[in-house]
Amino acid sequence: MSEGYRIYGNELSPYSVKVRSYFRYKRIPHQWIVRSAANEAEFREHAKLPLIPLVVTPDGQGLQDSTPIIEHFEKLHPEPSIHPPEAAFAFLSALIEEYADEWGNKPMFHYRWFYEADQQSAAERLARSMMPDADLGGAMEMIKGRMIPRLKFVGSSEATKDQIEGSFLRQLQILESHLGARPYLCGGRPAFADFGLYAQLYQCSTDPTPAAIIKSRAPRVLAWITRMLDPQAQGPFEPWEHLRGTLFPLFKDEIGAIFFPWSAANARAVAAGEKEFSMTLAGKPYTQDTQKYHAKSLAALRARYAAVADKSALDPILRDAGCYEWLQG
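Within each chain, residue numbers correspond to sequence positions counted from 1 in written order. Local features in this predicted model are restricted to residues of pLDDT 70 or higher, and side-chain atom pairs are both shown and tallied only at a pLDDT of 80 or more, whereas totals for entire chains, interfaces and linings draw on every residue. Hydrogens are left out, water is left out, and the side-chain values use all remaining heavy atoms of the structure.

Quick notes on helix α1 (residues 14-26)
Consideration 1: Numbering of helices and strands runs from the N terminus; a helix is a DSSP stretch of H or I covering at least four residues, while a strand is a stretch of E covering at least two. Here the expected span of a helix is defined as 1.5 Å times the quantity of residues minus one. Over its 13 residues, α1 runs 19 Å from end to end, which matches the ideal 18 Å to within 8%, given 1.5 Å per residue.
Consideration 2: In terms of burial, α1 is a largely internal element, eleven of the 13 residues being buried.
Consideration 3: Residue R27 follows α1 closely and has a positive phi angle near 55°. Buried, partly exposed and exposed residues are distinguished by accessible area as a fraction of the type maximum, computed with a 1.4 Å probe on protein chains only: under 20%, between the cut-offs, and over 50%, respectively.

Considering the environment of F43
Consideration 1: As for its placement among the helices and strands, F43 is situated in helix α2 (residues 40-46).
Consideration 2: Linking F43 and Q232, residues 189 residues apart in sequence, is a C-alpha distance of 30 Å.
Consideration 3: Contacts were defined at the residue level, with two residues in contact if any of their heavy atoms lie within 4.5 Å. The contact partners of F43, leaving out residues within four places of it in the chain, are Y8, R35, L49, P50, L51, I52, L54 and Q64.

As for the layout of surface pockets
Consideration 1: The definitions used throughout rest on a 1 Å grid laid over the protein atoms alone, on which a cavity is an enclosed set of points accommodating a 1.4 Å probe that cannot get out and a pocket is an open set flanked by protein within 12 Å on both sides along at least five of seven lines; lining residues are those having an atom within 4 Å of a point. Grid points are joined across faces, edges and corners, and a volume is the space filled by probe spheres set on the points. Taken as a whole, the largest pocket spans an internal volume of roughly 1700 Å³.
Consideration 2: Surrounding the largest pocket, 42 residues form its lining, Y15, P50, L51, I52 and R150 being those nearest its centre.
Consideration 3: Looking at which element gives the most residues to the lining of the largest pocket, the answer is helix α4 (residues 87-114), with eight residues.
Consideration 4: Grouping the constituent residues of the lining of the largest pocket by class yields 21 nonpolar, ten polar and eleven charged.
Consideration 5: Volume-wise, the second largest pocket comes out at about 240 Å³.
Consideration 6: Surrounding the second largest pocket, 14 residues form its lining, T67, E98, S297, A300 and L301 being those nearest its centre. Residues are grouped as follows: Ala, Val, Leu, Ile, Met, Phe, Trp, Tyr, Cys and Pro are nonpolar; Asp, Glu, Lys and Arg are charged; every other residue, Gly included, is polar.

With respect to helix α8 (residues 192-204)
The periodicity of an α-helix, 3.6 residues per turn, causes residues three or four places apart in sequence to face the same way.
Consideration 1: At any given residue, the bend is defined as the angle formed between two axes, one fitted to the seven residues that end at that position and one fitted to the seven that begin there. Roughly 30° is the biggest bend found in α8, and it falls at Y198.
Consideration 2: In terms of burial, α8 is largely enclosed, as 13 of its 13 residues are buried.

Section: the sheet that holds strand β1 (residues 5-9)
Consideration 1: Any two strands between which DSSP finds at least two bridges are classified as paired. Here we have four strands laid out as an open sheet, ordered β2-β1-β3-β4, and mixed in their pairing. One side of each edge strand has no neighbouring strand; the edge strands of this open sheet are β2 (30-34) and β4 (62-64). With strand direction ignored, the average angle separating the axes of adjacent strands in the sheet is 25°.
Consideration 2: Lying over the sheet, helix α3 (residues 66-76) contacts β1, β3 (54-56) and β4, oriented at roughly 120° with respect to β4. Only the stretch in contact is used when a helix axis is fitted, and all axes are lines through C-alpha atoms; the angle between N-to-C directions ranges over 0 to 180 degrees.

Looking at the packing of α1 against α4
Consideration 1: Viewed as axis vectors pointing N to C, α1 and α4 meet at an angle of 140°, and their least axial separation amounts to 11 Å. One finds that α1 runs oblique with respect to α4. Between α1, through P14, Y15 and K18, and α4, the contact on the second element is made entirely by E97, D101, N105 and M108.
Consideration 2: Among the residues forming the contact of α1 with α4, the class breakdown is three nonpolar, one polar and three charged. Any angle that is under 35 degrees is reported as roughly parallel, and any over 145 degrees as roughly antiparallel; angles of 65 to 115 degrees are reported as roughly perpendicular and all others as oblique.

What to know about the side chain of R6
Consideration 1: In this structure, R6 sits in strand β1.
Consideration 2: The charged side chain of R6 is buried without a salt bridge, its nearest counter-charge being E42 at 4.2 Å. Counted as positive: Lys and Arg. Counted as negative: Asp and Glu. His and the chain ends are not counted at all. We count a salt bridge whenever a side-chain nitrogen from Lys or Arg sits within 4 Å of a carboxyl oxygen from Asp or Glu.

Let's talk about the packing of aromatic side chains
Consideration 1: Only the six-membered ring of Trp is used, alongside the rings of Phe and Tyr, when aromatic pairs are assigned; centres must lie within 6.5 Å, and planes under 30 degrees apart are stacked while those over 60 apart are edge-to-face, with the rest tilted. Evaluated as defined, the whole model comprises 19 aromatic pairs.
Consideration 2: Measuring from centroid to centroid gives 4.9 Å for Y5 and F73, while their planes differ by 90°, and the two rings are edge-to-face. Of this pair, Y5 sits in strand β1 while F73 is found in helix α3, placing the two residues 68 residues apart along the sequence.
Consideration 3: In this structure F73 comes out as buried when scored by relative accessible area, which is 1%.

Some points on the nonpolar core
Consideration 1: Core analysis: the largest hydrophobic core is formed by 96 residues, its most contacted members being F23, L197, W224, F260 and L318.
Consideration 2: In terms of residue count, helix α11 (residues 240-271) provides more of this core than any other element does, 15 residues in total.
Consideration 3: Aside from chain neighbours lying at most four places away, what touches L318 is F91, L92, L95, Y305, C323, Y324 and L327.
Consideration 4: The term nonpolar core refers to a set of buried residues drawn from Ala, Val, Leu, Ile, Met, Phe, Trp, Tyr and Cys, joined through side-chain atoms within 4.5 Å. Ranked by size, the runner-up nonpolar core spans six residues in total, among them Y8, F43, A47 and V56.

Some thoughts on the pairing of β2
Along any regular strand the residues' side chains alternate between the sheet's two faces.
Consideration 1: As judged from the five bridges shared by β1 and β2, these two strands associate in the parallel manner. When the bridges of β2 are listed, I7 appears paired with W32.
Consideration 2: Crossovers are marked right-handed if the path from the first strand over the helix to the second runs clockwise, as seen with the strands pointing away from the viewer. Handedness of the β-α-β unit built from β1, α1 and β2 comes out right-handed.

This is the structure:
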């Protein structure tokens, strides 16, 4: 085995490019390998789950799940840190990362598989990368047949499209204002928050419908997405008080108002053994299948909050944003 790490992923996988961006930032030697039929045997040898990304270490250990992967390597490569030095701000950054992974994935998946032009674009790119020797038309139809029905698993439907697309547009508006004065979300260098949020929006920037929206409405966001493909430190983290004016709306209008109510409703449904849950979200009915993984990640987020030793600076921010009550368990 060659020196360095191997990342099995795909350009259309947000969690794969999230890990790749982190490795590039830390300058960790690695090889980017597009998972395909040609290397499926190698993938299965190291993967416990049939999911990307998979990082294979030089000694043959397989690591999966983007957030634990990054946290693992952050211990091995602590500098430059992706966590702001303020304990409160470090948690807020991790909260954005969780929001991106679990809720930000919804607009990405929705746009990609809800509209025909996006379905065609994604299916063709996936077919060419994963099954280069297969009949392109047949491979595309197979991929669409597999992926489009999964819209219901993320809550995407004609009835919920306004909530999901409204969240996407609101997020872009907030970030476009915030990124006007700095290269990254937390100042002069990327934080945990950047890697999670960029990964979802990068995918949107490659799909026809959301890409057109980003290009026309959020050029600063597009520049940040491009920057995050190979991020580099350009300065220090800024203190929270310098960022609050433009970043706080993301916590109040998205994380507190949308993400946490949805997240808690999902967790309650999972605990009750329900396969589906319904709620009012952004003033309209919202229904989707329960997500067991997210119930676990919400528990992990609450544990991360509980581990913050001094919450005197953090709790007032969370209360103002409508986030505090959701983290109490």
